[in-house]
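# Chain and residue survey
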Amino acid sequence: MVAKDCLRLATAGIGLFMVMAFSIGGVSKAHASCGSAACFMLTGEEGMVQGQGKLSVGLSYAYTISKIAPGTSGLVTSVDQEARQLVLNEHFENRTISEITTLDINYGLTNNFTVEVLVPHKRLKHTHTVEMGNDNGGAGTYEAFQDAGLGDIRVAGKYSVLPTLRSLVVLGFGVDLPTGDSHATSNVDPSKLQEPTLQLGRRSLGIAPSIYQSYEIIPHVLDQFASVSYQHAFKGPNSYRFGDVYVLSGGLNWKALERVTLTGQFNWRYAVHDEFTGTLARAQEPTDPTFPGDPIVIDPEVKRRPVPTTGSTMLAFSPGISVAVLDNLRAYFFAQIPVVRDFNGGLIPDVGFLFGLSMSVN
């Protein structure tokens, strides 16, 4: 009888998970870019709603390395912001290392409403070859680029809807502020801005609604959780807009020991192509009569265009462990293992890692 009840409750949780997924709306395309990729998973902070006047502080560190996908050329489209031009096959990608340290502050304004502030610090290391078909006899110029600093801060509100002893639904809405630097220049040509996807900030406002749900299948032993989130960035002053991002996650928490909880979850991330307003060209090839030389213009009309080597679909499995170090201090560790990766010819993320601490202050 107990087994049947557990199965029924788990099925109900999965059903709610699917309803949440489709309530966000249909999706159409995909995302990947020069230097994109970071861990995305649920740590438990997403559903944290503090009591009135209560404060919690968290600190997390995410590490991801992205490499060339097997069977791809490594050639991607470059974005020349000064010339307002997309250039096909102008960059040869090599590798990106992304490290993001995030300060997470939650404060309860009421027992049901919490304000959250996320402050990321990013460190990016990226290697690629630029000016393919032009510099060095058409072979291009190798560039090792790195940058570090404050990213875009997110301010969010989280509202707990009809919480019970065994269930929780949290509605969230965040606003991304353009606090990160977006003016880093190329090492090869300091007069040119670096690719938008390699900047610390997006140079534009964004919004991020979300829904988080959890249910205790076996009280204090086994619980199910799910989340749906959506991120939209508005067009920035450089006529570049990052594609919308949809994330769907779900999994189980099992309290294996008094202070140790094991977690298993699946995370699905889908991102639409980025867009840029400009002309369209392609890098010269050895068969072109003017090779090597400036890119050949394909369409001189300045108009909004998708950046073809951006956009991605990724499914990952993320096992994790959480330890109650003290009554008010929790430490956690997750590994994100890619199962399906489609990044439209761009770099693909390898296994990612996330470490974190969360502490209740009062």
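In this text the structure is predicted, and so the values were computed from the model without any measurement.

The rules behind these values
- Residues numbered from 1 in each chain as written.
- Predicted model: local features only at pLDDT ≥ 70, side-chain atom pairs only at ≥ 80, totals over all residues.
- Heavy atoms only, no water.
- Helix = DSSP H or I, 4+ residues; strand = E, 2+ residues; numbered from the N terminus.
- Buried < 20%, exposed > 50% of the residue type's maximum accessible area, 1.4 Å probe, protein only.
- Contact = heavy atoms within 4.5 Å.
- Areas by Shrake-Rupley, 256 points an atom, 1.4 Å probe, with all protein chains shown as cover.
- Pairing = 2+ DSSP bridges.
- Patch = residues over 30% accessible without salt bridge, like charges linked within 9 Å, V, L, I, M, F, W, Y side chains within 5 Å.
- Salt bridge = Lys/Arg side-chain N within 4 Å of Asp/Glu carboxyl O.
- Core = buried A, V, L, I, M, F, W, Y, C linked by side-chain atoms within 4.5 Å.
- Phe/Tyr/Trp six-rings, centres within 6.5 Å; stacked < 30°, edge-to-face > 60°.
- Lys NZ or Arg CZ within 6 Å of the ring centre and 35° of its normal.

### What to know about the overall build of the protein chain
- Scanning the protein chain from terminus to terminus reveals one helix and 18 strands.
- For the protein chain, the residues scored as buried account for 48% of the 362 residues in total.
- Contacts in the protein chain between residues far apart in sequence, at least 24 positions, make up 70% of those at least 6 positions apart.
- Within the structure as shown, the protein chain displays about 16700 Å² of accessible surface, and the carbon and sulfur contribution to it stands at 63%.

### What about the pairing of strand 18 (residues 352-360)?
- Looking at chain direction, strand 1 (residues 55-67) and strand 18 are connected through eight bridges and run antiparallel. Counterpart to L59 in the pairing with strand 18 is L357.
- With eight bridges joining them, strand 16 (residues 329-342) and strand 18 adopt antiparallel strand pairing. Bridge pairing links L329 to M359 in strand 18.

### Some words on the environment of N112
- Turning to its location among the elements, N112 is positioned in the loop between strand 3 (85-108) and strand 4 (113-130).
- Classification of N112 by relative accessible area gives partly exposed; the value is 27%.
- As for N112 and Q52, which are separated by 60 residues in sequence, their C-alpha atoms are 7.9 Å apart.
- Sequence-distant contacts of N112, that is, excluding residues within four places in its chain, are made with V49, K158, Y159 and S160.

### Overview of a nonpolar patch on the surface
- Together, I218, V221, W254, L262, I321, V323, V325 and L326 make up an exposed nonpolar region whose accessible area comes to about 610 Å².
- Of all the elements, strand 15 (residues 312-326) adds the most residues to the nonpolar patch, at four residues.
- The residue V221 is located in the loop between strand 8 (206-218) and strand 9 (222-233) in this model.
- Its relative accessible area of 34% is what places V221 among the partly exposed residues.

### Focus on the nonpolar core
- By size, the foremost hydrophobic cluster in this structure holds nine residues: F40, A69, V245, V247, A271, M314, A316, F343 and I348.
- Residue assignment for this core shows that the elements contributing at least two residues are strand 11 (245-255) and strand 15.

### Remarks on the side chain of E116
- One can find E116 in strand 4.
- On the basis of relative accessible area, E116 is assigned to the buried category, the value being 9%.
- If sequence neighbours within four positions are ignored, E116 has contacts with D104, I105, N106, R154, V155, A156 and K158.

### Observations regarding the packing of aromatic side chains
- In the structure shown here, the tally under the stated rule is 10 aromatic pairs.
- Judged by centre distance (6.1 Å) and plane angle (50°), the ring pair of Y246 and Y270 falls under tilted. On the criterion of sequence distance, the pair formed by Y246 in strand 11 and Y270 in strand 12 (residues 260-271) is long-range, its members being 24 residues apart. Each member of the pair, Y246 as well as Y270, carries the same accessibility label: buried.
- The rings of Y61, F333, F353 and F355 are connected pair by pair, giving a single aromatic cluster.
- The ring of F40 has R269 lying over it, and the distance from NZ or CZ to the ring centre is 6.0 Å.

### Here we look at the environment of F276
- Here F276 shows up in strand 13 (residues 275-282).
- In this structure, the C-alpha to C-alpha distance between F276 and Q81, residues 195 residues apart in sequence, is 9.0 Å.

### Comments concerning the pattern of salt bridges
- Counted according to the given criterion, the structure contains 13 salt bridges.
- Across the pair D244 and R241 runs a salt bridge whose closest N-O atoms are separated by 3.2 Å. Pair check on accessibility: D244 and R241 agree, each one buried.
- Residue E275 pairs with R241 through a salt bridge whose shortest N-O separation is 3.9 Å. One end of the pair, E275, is in strand 13; the other, R241, is in strand 10 (residues 240-241), and 34 residues separate them in sequence.
- When its relative accessible area of 17% is taken as the criterion, R241 is described as buried.

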